[in-house]
Amino acid sequence: MDSKIKRGGTVLFWLCWIAYTTSYITRLNYSTAMSTMIAEGLFDKTFGGYLGTGFFACYGLGQLANGFLGDRIKPKYMIGIGITASGIMNLLMALLADKYALLAVWCVNGYCCSMLWAPVIRCFSEYMVAEKRNKAGVSISSTIPLGGIISYLLSSLVLGMSGSYRMLFTASGIIGIAVGALWIFGMNSLSGYFADVKPIIAAENGIASGSDTAIRKDSRSFFVLLATTGALLAMVCIFFNGVLKDGVTLWIPTLLSDGFGVSPSVASLVITLLPIVNLAGAYVARFLDRRFFRNELTTVCFMFGLSFGAVFLLYLIGSLSVVLAAFLVAACTSSMLGANSMLLTFIPLSYSKIGRSSSITGFFDACSYLASAVSSPVIALVSENYGWDITVLSWCGVALAGALFAGIGIPLWKKGREKI
């Protein structure tokens, strides 16, 4: 690979990494600021929950809209506007005192944060050569644990030093706006790289040199495209993946507290360490896919199988030790992050040749958040009425269902990917 192309792809990746990691700073800070805002009488716990619900609702709906817009609006503008606007919303959270105004601002912030992921995948698919694209697809998964850790560390530092939630939102807002400026500056500096890499990508996509575009446009409607390329079963798998990746993670502290009587601080430590452990799942999944399976849904099927094994062992012997239980849960969620990287990164990247990676990413990510949102109250209902043993068995059923649908989709996706 030409050194200039390699260097430009690296710069583009880090710009995407910084922008998306920053979005965690401008959205996760509310979870740590909420208790202080309640203590200061801005709103009660119930209304505080409305802000969280409003954010995720607007984020999920935004993923649907921005996925489609991301195939039409250049990532340079979409990501720049999204992260800058998110910074501005954080500054408004620091300035406003009316609870309804805060609710409206945080809902807008949810939409702003949804403007990043799909365009990031489009950057990889249309502005990077294949070798760099595949590495970037795995490495971008590190934004999930590291973004959360950076956000919580910043929140702890600012709140510890100032005791003011306003200072936390102000700091987050300044960082968001600064990164927005860095993004625009960085993308402008890569104009020469984009011109140089275009013919290389066009050649990879089978486009004649001298063409105005490096991708082939596909006239099929969105759902027809999903159906005719075998990706509908991948969409189904995303729902099961969301339950095991996010729903289970949310309830781990409660499971450990109820099952072993551990303190909230110990349970919180486990949940803090999980994202770091989970990151290994993305690298393992990519290694298996490249070395052995060469089909994303085969890899997804295998990762669901690993998740089933971990959860079934949790049901059989998890009660022997809190350390064993935490390890098995980590194995489950790590496997699911590996499956998630296949479903939300590498399958959408397969649509890069026809310029539909952003819309596929946005739609799939919205499905994932919907599954996460639905799974939380369902897990609560099952655990309260039937106990944790039955709840864990229900997770086994979810893992088996995910493996089944992925298995059915393997030959369909193989043929569909060839058509693309």
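Everything that follows concerns the structure shown earlier in this document.
Residues numbered from 1 in each chain as written. Predicted model: local features only at pLDDT ≥ 70, side-chain atom pairs only at ≥ 80, totals over all residues. Heavy atoms only, no water.

Participant: What is the right way to look at the environment of V284 in this model?
Facilitator: Checked against the element boundaries, V284 lands in helix α12 (residues 264-293). The exposure class of V284 is partly exposed, given its relative accessible area of 39%. For the pair formed by V284 and V138, sequence separation is 146 residues and the distance between their alpha carbons is 9.7 Å. (Helix = DSSP H or I, 4+ residues; strand = E, 2+ residues; numbered from the N terminus. Buried < 20%, exposed > 50% of the residue type's maximum accessible area, 1.4 Å probe, protein only.)

Participant: Could you clarify how one ought to interpret a nonpolar patch on the surface in this entry?
Facilitator: On the surface, a cluster of nonpolar side chains totalling about 840 Å² of accessible area is made up of F312, L313, Y315, L316, I317, L320, Y386, I390 and L393. Mapped onto the nonpolar patch, the elements with two or more residues apiece are α13 (296-317) and α15 (357-419). (Patch = residues over 30% accessible without salt bridge, like charges linked within 9 Å, V, L, I, M, F, W, Y side chains within 5 Å. Areas by Shrake-Rupley, 256 points an atom, 1.4 Å probe, with all protein chains shown as cover. Salt bridge = Lys/Arg side-chain N within 4 Å of Asp/Glu carboxyl O.)

Participant: Would you mind showing me how to read the packing of helix α1 (residues 3-39) against helix α4 (residues 99-113) here?
Facilitator: Between two packed helices, both the angle of their axes relative to each other and the distance between the axes serve to describe the pair. Packing of α1 against α4 leaves a shortest axis separation of 10 Å and a crossing angle of 155°. Classified by the angle their axes make, α1 and α4 are roughly antiparallel. Between α1 and α4 lies a crossing whose hand is left-handed. Together, S23, T26, R27, N29, Y30 and M37 of α1 and L102, W106, N109 and C113 of α4 make up the contact between the two elements. Residues that form the contact of α1 with α4 fall into these classes: 5 nonpolar, 4 polar and 1 charged. (Axes fitted to C-alpha atoms, helices over the stretch in contact; angles between N-to-C directions. Parallel < 35°, antiparallel > 145°, perpendicular 65-115°, else oblique. Left-handed = near helix turned anticlockwise from the far one by under 90°. Contact = heavy atoms within 4.5 Å. Nonpolar A, V, L, I, M, F, W, Y, C, P; charged D, E, K, R; others polar.)

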